[in-house]
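# Remarks on the overall topology
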Amino acid sequence: MEKVISGIRPTGNLHLGNYFGAVKSFIKMQDEYECMFFIADWHSLTTHPTPENIRRSVKTILSEYLACGIDPERAPIYIQSDVKPVLELYLYLNMNAYLGELERVTSFKEKARTQPDNINAGLLTYPTLMAADVLAHKADKVPVGKDQEQNMEMMRLFARRFNRIYNVEYFREPQSFHLSDHAVKVPGLDGSGKMGKSEGNAIYLCDDEATIKKKVMKAVTDSGPTQLNQVKPEPIQNLFTMLELVSAKETYDYFNDQYNNMTIRYGDLKKQLAADINAFCAPIRERIAAFQSDDDYLARVARQGAEKATASAEKTLGEVREIIGFRK
Ligand code: TRP
């Protein structure tokens, strides 16, 4: 079975956009591939988070991904910093990664521009650490967003270069599995565009009923259709796209017919949508809360994940040491 690995950057709570994007793909991939997921806490150090920050975000990610359906029995989920052999591979890869090519990476240039006081070496070598994350397990496929394509190209370059330098065919080139090609795009309810944390329009999986209702009732609408069966303008289409994601087909058809015959009342649609989003999120929200309050279980999941990932990485590193000329 092909191996899949993906790193999760600790960036706050999951929202519906994440759910129907990356998370649902991860859940489905568990059935089709040998999957491993990890929380990229080493990578997060580039921005110097506090210890409390790290502990909280790691716990949040673990709880939320488990609540969404990552099954740690089938797909180990581990914390990057628990799997030390990856660091050793990071060092080896860094010896064959050149300053010029690392400096040319777009996300590095972007970070260097936006945080000029903190252009650290970790930021520069972000692509080698990411390559080590994946190559340490000799994974075949990496589910990533399009924004990660350059890092994926660097990863393949480092794999090829290692093979060439040591005249071996050891690492294979991991392929990108573009999540956006498989994901449903979740719109924001603020008129246009997609749902996102930075867009400030996100409905989070952990939002309570009142918060969901408040957010949905605020959704942008217009003064209503003026012709029978007219094409829906974007803010209205966005509401219907949400209905399609979380409501029963009859609910969607009911409001769609009302829109088409110009009898729709957006207030009614929003109330129904808020109720359906809540019904969708409630069981996930309850599981998040249950995991959040079960530190023992979270610790067990992380430890089991770390054991499996360490065994897998240690096997690779033994072989790599030998190839390089070190003791296995
Ligand atoms: N760079 C990825 C992101 O920003 C996170 C990540 C770190 C990752 N290491 C990885 C993803 C290895 C896939 C594989 O989202």
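Throughout what follows, the structure given in this document is the object of discussion. (Residues numbered from 1 in each chain as written. Predicted model: local features only at pLDDT ≥ 70, side-chain atom pairs only at ≥ 80, totals over all residues. Heavy atoms only, no water.)

## Some details on the site of the ligand
Neighbouring the ligand are 13 residues, the closest being G7, R9, Y126, D133 and Q148. In the model, an oxygen atom of the ligand is placed 2.6 Å from a nitrogen or oxygen of the R9 side chain. For the ligand, a nitrogen atom lies 2.8 Å from a polar atom in the side chain of D133. Ranked by residue count, the leading element in the shell around the ligand is helix 8 (residues 126-135), at four residues. Class assignment for the residues of the shell around the ligand results in seven nonpolar, four polar and two charged. (Near = heavy atom within 4 Å. Polar contact = N/O pair within 3.5 Å; in protein donor to acceptor, adjacent residues only side chain to side chain. Helix = DSSP H or I, 4+ residues; strand = E, 2+ residues; numbered from the N terminus. Nonpolar A, V, L, I, M, F, W, Y, C, P; charged D, E, K, R; others polar.)

## A look at the packing of helix 11 (residues 234-246) against helix 12 (residues 249-260)
One way to put it is that helix 11 packs onto helix 12 with a least axis distance of 9 Å and a crossing angle of 160 degrees. With respect to their mutual orientation, helix 11 and helix 12 come out roughly antiparallel. Taken as a pair, helix 11 and helix 12 cross one another with a handedness that is left-handed. Each of I236, F240, L243 and E244 in helix 11 lies in contact with helix 12, whose residues at this interface are T251, Y252, F255, N256 and Y259. Broken down by class, the residue content of the contact of helix 11 with helix 12 amounts to six nonpolar, two polar and one charged. (Axes fitted to C-alpha atoms, helices over the stretch in contact; angles between N-to-C directions. Parallel < 35°, antiparallel > 145°, perpendicular 65-115°, else oblique. Left-handed = near helix turned anticlockwise from the far one by under 90°. Contact = heavy atoms within 4.5 Å.)

## Concerning the packing of aromatic side chains
For any pair of aromatic rings, geometry is given as the distance between the ring centres together with the angle between the planes. Overall, the coordinates contain 14 aromatic pairs when judged by the stated rule. Considering the side-chain rings of F20 and F280, the 5.4 Å spacing of their centres and the 25 degrees angle between planes classify their relative orientation as stacked. Here the residue F20 occupies a position in helix 1 (residues 16-32), and F280 occupies one in helix 13 (residues 266-292), the gap between them amounting to 260 residues. F20 sits in the buried class, given a relative accessible area of 5%. Relative to Y252, the ring of F240 lies with its centre 5.7 Å away and its plane at 85 degrees, an arrangement referred to as edge-to-face. Of this pair, F240 sits in helix 11 while Y252 sits in helix 12, placing them 12 residues apart in sequence. No difference in accessibility class separates F240 from Y252, as the two residues are buried. Members of the aromatic cluster, connected to one another through ring pairs, are F162, Y166, Y170 and F171. Taking NZ or CZ as reference, K138 lies 3.7 Å from the ring centre of Y170, over its face. Its guanidinium or amino end placed over the ring of F240, K232 lies 4.5 Å from that ring's centre, counting from NZ or CZ. (Phe/Tyr/Trp six-rings, centres within 6.5 Å; stacked < 30°, edge-to-face > 60°. Buried < 20%, exposed > 50% of the residue type's maximum accessible area, 1.4 Å probe, protein only. Lys NZ or Arg CZ within 6 Å of the ring centre and 35° of its normal.)

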